[in-house]
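Residue-level structural notes
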Amino acid sequence: MAVVYVNDRPIDIGSERLNLIQAAQKAGVLIPHYCWHPALSVVASCRMCLVEVGERKPDGTVVMQPKVVPACQTPAKDGTVVVTNSERARYAQQQTLESLLLNHPLDCPVCDKAGECLLQDYSYRFGRAHSRLVDDKNQPPNKPYIGEQITLFTDRCIMCTRCVRFTREISGTAELEVVHRGHHAEIDIFPGRPCNNKLAGNVVDLCPVGALCSKDFLYKQRVWFLKSQASVCADCSTGCSVFIDSNKDVVYRLRPRSNPLAQGDFMCDEGRFGYHYINARERWTRPLARGPSGLSPADWPSLLATLRRELRAAAQRRSWAVVAMLSPFLTCEEAFLLAKYFKGLSEQVRLVLGPVPIVGEDDTYPKDARGRPVQPVKFTIRAEKCPNRRGVEEVLRHFQGEVVTFDVALRRADEGQVEVMYLAAGYPPRPHGWITPEQGAVLAKVPRLIVHDLWDSPAAQAATWFLPAASVAEKEGTFVNHAGLAQAVRRAIRPPGECRADGQVFWELLERRGLFHAPAVRAELAREVAFFAPLGSADLGEHGMQLPGAPAAGADSTTPGGAPT
Amino acid sequence: MAEYEPVLLRRVGKPNSQSIETYLADGGYGALTRAVTTLTPEQVVETIKASGLRGRGGAGFPTGLKWTFLPKNHPGPIYLCVNADESEPCTFNNRVLMEEDPHQVLEGTILAAYATRAWVAYIYLRYEYGRCFRTMQQAIQEAYAKGFLGRDILGRGFHLDVYLHRGAGAYICGEETGLIESLEGKRAWPRIKPPFPAVEGAFRKPTVVNNVETLACVTHIMDRGVEWFRSIGVPPDPRNPRDAGSYGPKLYNISGHVNRPGTVELPLGVTVRELVDKHGGGVWKGRKAKGCIPGGISMGLMTEAEFDTPLDFNGPSKVGCLGLGTGAVTVFDEQTSIADVLYNICRFFAHESCGQCTPCREGTGWMLKMADRIRRGQGRLEDLEILREIGNAIGIMPGTTICGLADGAGWPVKNAITKFRAEFEELIRRGVRREPLVGSGSH
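What counts, and where the lines are drawn
Residues numbered from 1 in each chain as written. Chains lettered and ligands numbered in written order. Predicted model: local features only at pLDDT ≥ 70, side-chain atom pairs only at ≥ 80, totals over all residues. Helix = DSSP H or I, 4+ residues; strand = E, 2+ residues; numbered from the N terminus. Buried ≥ 20, exposed ≤ 12 C-beta atoms within 10 Å, placed from the backbone. Rg over C-alpha atoms; globule rule 2.2 N^0.38 Å. Contact = placed C-beta atoms within 7 Å. Pairing = 2+ DSSP bridges. Right-handed = clockwise from strand over helix to strand, strands pointing away. Domains from an automatic or database assignment. Axes fitted to C-alpha atoms, helices over the stretch in contact; angles between N-to-C directions. Parallel < 35°, antiparallel > 145°, perpendicular 65-115°, else oblique. Left-handed = near helix turned anticlockwise from the far one by under 90°. Nonpolar A, V, L, I, M, F, W, Y, C, P; charged D, E, K, R; others polar. Core = buried A, V, L, I, M, F, W, Y, C linked by C-beta atoms within 7 Å. Arc of directions from axis to C-beta. pLDDT = per-residue confidence, 0-100.

Along the backbone of chain A there are 16 helices and 26 strands. Its C-alpha atoms give chain A principal-axis dimensions of about 90 × 55 × 45 Å. By residue count, 52% of the 565 residues in chain A fall in the buried class.

Let's shift gears to the overall build of chain B. In terms of helices and strands, chain B carries 17 helices and eleven strands. In terms of overall size, chain B behaves like a compact globule, its C-alpha atoms giving a radius of gyration of 22 Å where 443 residues would be expected to give roughly 22 Å. Dimensions of chain B along its principal axes, counting C-alpha atoms only, are 75 × 50 × 45 Å. Burial analysis of chain B (443 residues in total) assigns 57% to the buried set. Pairs at least 24 residues apart make up 70% of the contacts formed inside chain B by residues separated by at least 6 positions.

With that out of the way, let us pick up the interface of chain B and chain A. In this assembly, 29 residues from chain B lie in contact with 25 residues from chain A. Among the secondary structure elements, those contributing two or more residues to the side of chain B that touches chain A are helix 13 (338–352), helix 14 (358–375) and helix 15 (381–393) of chain B. With eleven residues, the top contributor of residues to the side of chain B that touches chain A is helix 14 of chain B.

So, about the sheet that holds strand 24 (residues 477–480) of chain A. All names here are of chain A. As summarised here, the arrangement of the three strands in space is 24-25-26, forming an open sheet in which the pairing is antiparallel. Two strands lie at the open edges of the sheet, namely strand 24 and strand 26 (545–546), each paired on one side alone. As paired strands, strand 25 (residues 485–489) and strand 26 are joined by two bridges and run antiparallel to one another. When the sheet's bridge partners are listed, L485 is paired in strand 26 with Q546.

With that settled, consider the pairing of strand 16 (residues 322–326) of chain A. All names here are of chain A. Burial runs high along strand 16: five of the five residues are buried. Burial along strand 16 is two-sided: the residues V322, A324 and L326 and V323 and M325 are all buried. One ladder, built from five bridges, connects strand 16 with strand 21 (residues 420–424); its direction is parallel. What sits directly across from V322, in strand 21, is V420. By the bridge criterion, four bridges tie strand 16 to strand 17 (residues 350–353) in an arrangement that is parallel. Across the sheet, residue A324 finds its bridge partner in strand 17, namely L351. The parallel pair strand 16 and strand 17 is bridged by helix 9 (residues 332–345), and the resulting crossover is right-handed.

Where the parts come together, the accessible area they lose is often given as the size of the interface. Residues and elements named next belong to chain B. Looking at chain B, the domain boundaries give domain 1 (20–232), domain 2 (250–333) and domain 3 (338–430). Domain 1 and domain 2 are separated by 27 Å when their C-alpha centres are compared. Between domain 1 and domain 2, the residue contacts involve 13 residues of the former and 17 residues of the latter.

Once that is clear, we can look at the packing of helix 13 of chain B against helix 16 (residues 405–419) of chain B. All names here are of chain B. Two elements in contact, helix 13 and helix 16, have axes whose closest approach is 10 Å; the angle formed by their N-to-C orientations is 165 degrees. With respect to helix 16, the axis of helix 13 lies roughly antiparallel. Here the hand of the crossing between helix 13 and helix 16 comes out left-handed. From helix 13, I338, V341, L342, I345, C346 and F349 reach across to helix 16, where they touch A409, P412, V413 and A416. For the contact of helix 13 with helix 16, the residue count by class is ten nonpolar, no polar and no charged.

Let us look at the environment of Q43(B). Tracing the sequence through the fold places Q43(B) in helix 3 (residues 41–51). Residue Q43(B) is classed as exposed on the basis of its C-beta count, with 12 C-beta atoms lying within 10 Å.

All right, on to the nonpolar core then. One recurring pattern in soluble globular proteins is that nonpolar side chains are buried together. Counting residues in hydrophobic clusters, the biggest one holds 313 residues, and the most contacted among them are V51(A), V82(A), M325(A), L326(A), M421(A), C81(B) and L111(B). If one sorts the elements of this core by residue count, helix 13 of chain B sits on top with ten residues.

Attention shifts here to helix 2 (residues 30–38) of chain B. Residues and elements named next belong to chain B. Of the residues making up helix 2, those classed as buried are A31, L32, A35 and V36. Buried residues of helix 2 fall within an arc of 115 degrees about the axis and therefore sit on the same side. The exposed residues of helix 2 that point more than 90 degrees off its buried face are R34, T37 and T38. Residues of helix 2 that are buried sit in contact with helix 3, helix 6 (102–116) and helix 9 (212–224).

Here we come to unusual backbone geometry. Residues and elements named next belong to chain B. Looking along the chain, the bond that leaves G76 and enters P77 is cis, with omega of -5 degrees. Look at N73: it is not a glycine, yet its phi comes out positive at around 55 degrees. Position of N73 among the secondary structure elements: in the loop between helix 4 (63–68) and strand 1 (79–84). Judged by the 6 C-beta atoms lying within 10 Å of it, N73 is exposed. Even without being a glycine, R204 presents a positive backbone phi close to 60 degrees. With respect to the element layout, R204 can be found in the loop between helix 8 (176–183) and strand 4 (207–211). Judged by the 11 C-beta atoms lying within 10 Å of it, R204 falls in the exposed class.

All names here are of chain A. If you walk across this open sheet you meet the eight strands as 15-14-23-22-21-16-17-20, and the pairing is mixed. Pairing within the sheet leaves two strands with one partner each, and these edge strands are strand 15 (294–297) and strand 20 (404–405). Relative to strand 17, helix 10 (residues 389–400) is tilted by about 160 degrees, and along the sheet it contacts strand 16 and strand 17.

As a further point, take the confidence of the model for chain A. All names here are of chain A. When pLDDT is averaged along chain A, the result is 90, and 97% of the positions lie at 70 or above. Across chain A, the secondary-structure element scoring lowest on mean pLDDT is helix 16 (residues 534–537), at 84, and the one scoring highest is strand 7 (residues 150–152), at 96. Long-range and interchain partners of residues 551–565, a stretch whose pLDDT sits below 50, account for 29 contacts in this model, where long-range means more than four residues apart.

All names here are of chain A. Relative to the helices and strands, I11 resides in strand 2 (residues 9–12). For the pair I11 and G28, spaced 17 residues apart in the sequence, the C-alpha separation amounts to 9.8 Å. The residues touching I11, leaving out its near neighbours within four places in the chain, are V3, V4, V6, A23, K26 and A27.

Now for the environment of Y79(B). Residue and element names in this part refer to chain B. Within the element layout of this structure, Y79 appears in strand 1. The sequence separation of Y79 and A202 amounts to 123 residues, and the corresponding C-alpha distance is 6.9 Å. If sequence neighbours within four positions are ignored, Y79 has contacts with A118, V120, Y122, G201, A202, K205 and T207.

Encoded structure:
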């Protein structure tokens, strides 16, 4: 048990190894900092976190150090006294901020970072109101090509070197570096070696000011118009915690959300820049029914009534000829409702797991100069490009004791054994596609094919009925990642057009009254499916919940990234 | 006071002073032989500690004490770095030693390695010292040939390899952790301390960093004994409990507006006036001095009235300077504009600041811009206040930077503003608009 005194307030930090920034955070005191980041090494060079530090002796006397020290570099020990608001500490902070602003252009009105800029925030809170500089500012030229996705506004840089340390320590690719000395120091790349690694987008988040900007987001939105929703990235089975930033039902960017249980502090570019399909105009957003002239728009109430009727009739006729596919992009709640609906029609209905997209192999970081992975692993981009295989499999196991793959269903369809097939797909459009034209040709043999998807595909072409699905940003529910971590997916935007959240569609198939409410379904799921039992008792919170007794199938022991300091 | 007989510079100027034959004939490597054959490393450390030798690189830290900070019974390797990155403006005493008498430096290096149980010594040489590079390389080869370096030196199971590493011309590489970073092949950004180099230095191993002149002194202490060394210089000031005394000879460099610039060896504690008038031949062109830089520009400025200050480890701080520094006195005469002096100083530090810590990176740049403006007659009186404030606020002493470069950058500025304030104010009031000098501007 160690007690640290932050501005005269004692705070117990237990046996944790913290620096003074973290200790003060526990006491609710913000020590401003730029260069320090929990996942990166300590360099103590921005000198923003200067505080007065002393030690309280057992007899109660306090001995203060004669000078200010950087809080990021000073470990919190029992009896450490931190003063962040003394005249000397405040003067040091003011001095640093004045220095930082000397050569910083005041182009906040056109800067992407304005509104979430730490230089703005700290200047407002800790800085002085007037600049005493009358000379010209340094105006180094901007570097528009740091990487495919990254641009550098050189003059805005405050040389915290977080980005440089990120490429050296987390991605290991070391593309970024500091060139020149003194007040002419700049971030740059080596000639001909741009920063295009798969984690490169993180340097934009790490940048405390608007120096490194994402070309994807550049000049798209002012950040104060954006609404952030804490959710989960659906692009691989790591299940990175993210913020989905949107405005008026348009997603503008994804940002990693620090989660020590999932991925650490970062996310990969595949996930970060892979959201565009959500806003895409090419999405199919109307329910369609096949008539004599092909697929034509239908309306939800009559379409759902038709589906219920057809499915019930088919299940009564030849229940083993009814097949439902549950894709690994469904949330656990959706999978549960759909499985419940079909098993309610008849025990004989076959539930199959949709194709699990696997692309290459797990990609671990950091890498060395030759691109080989280095231990310890700090970040993993998984080959399994879906968020919830584990969760859907568990639901399937509960309802029919085994997980049947989509290939089996296709084979039966090829043999003419399938009368009705319901494909709850919801796959985002990716270059590899979730279904091949050959498979689509097989599906064409199914007399009544219901496709519930986002996008045109060989399956959609063969569909008798098409239901527009909701993307991950439009859903509520739970994803279980590769390691059995259950995280809450939260709705960031409304589904476009006539789309409805998948859960709502399944809710109505079940003829339940009212609206689909994910936490209520989650509680029901927890009651009925043993694997999900822990989810009933508590809120999933920000970091999610590790599910115990998760079968080891496909799980691996790689620890999530973001090593603590 | 009797005429001082030079020791460190004894062979300088003699024919063939660089060769090992001359050195051996003059009793060279005798101290090493005696130490390695009769003394344990601990005894060598004790001898140096007893001598009161303080580092000649600028900070004046007791050398023997530094060596004792190494972890005991370390399995090794332990590294010795010889700081030959002599970049302080107007300082050239290491250069004289390495160019003219490299073997006494090398002998001191071997002695230090013996005392610290180092296996490898790196001599980090300033890039600009091409002649030093050649003479030191030659000396190292000769020492290998004679068996003073390599495996099993003097048959006592003591091994040492010496590598001569040439820097790329950065002032910050003279800071010990910056030197280590540079030696490791990285950008010379000084490290945060602790851990100190003695615990975790080059290649994450215990490392000792010593200056060339310090090591030359080690040779002579081991050769002539502690008593000889303590008989030279200034004993500690009894009124100042933190003063460890300034013993031994020191190489003083005299440059600037004097008739006879050069290097002289004198006991510590000589006054600036004696240096300038007696050894430097007086101020040039029959003029009077306006002031001087007492020990490399990091140490601040002295006015002519303060010339009677003794140049020992304790003296310059009595008149508001930072310390002895490198003992390189640069005199400027009465016709020199103090604004030009300030501008030159600021330009140097703005150019050499490594850019790691915000206060130093931005502060030195800002000071340069203000100094340039004042020099061109467009200064404002409040600039002087800002300059003084920055000078006080940046550096390791107020705690706002990692290394001491910022202290060195701030000190001469605040000295200039306080000691020559009237001249600055006059210049600002006059507001003479001069064109920028050719090749000037913010570098």
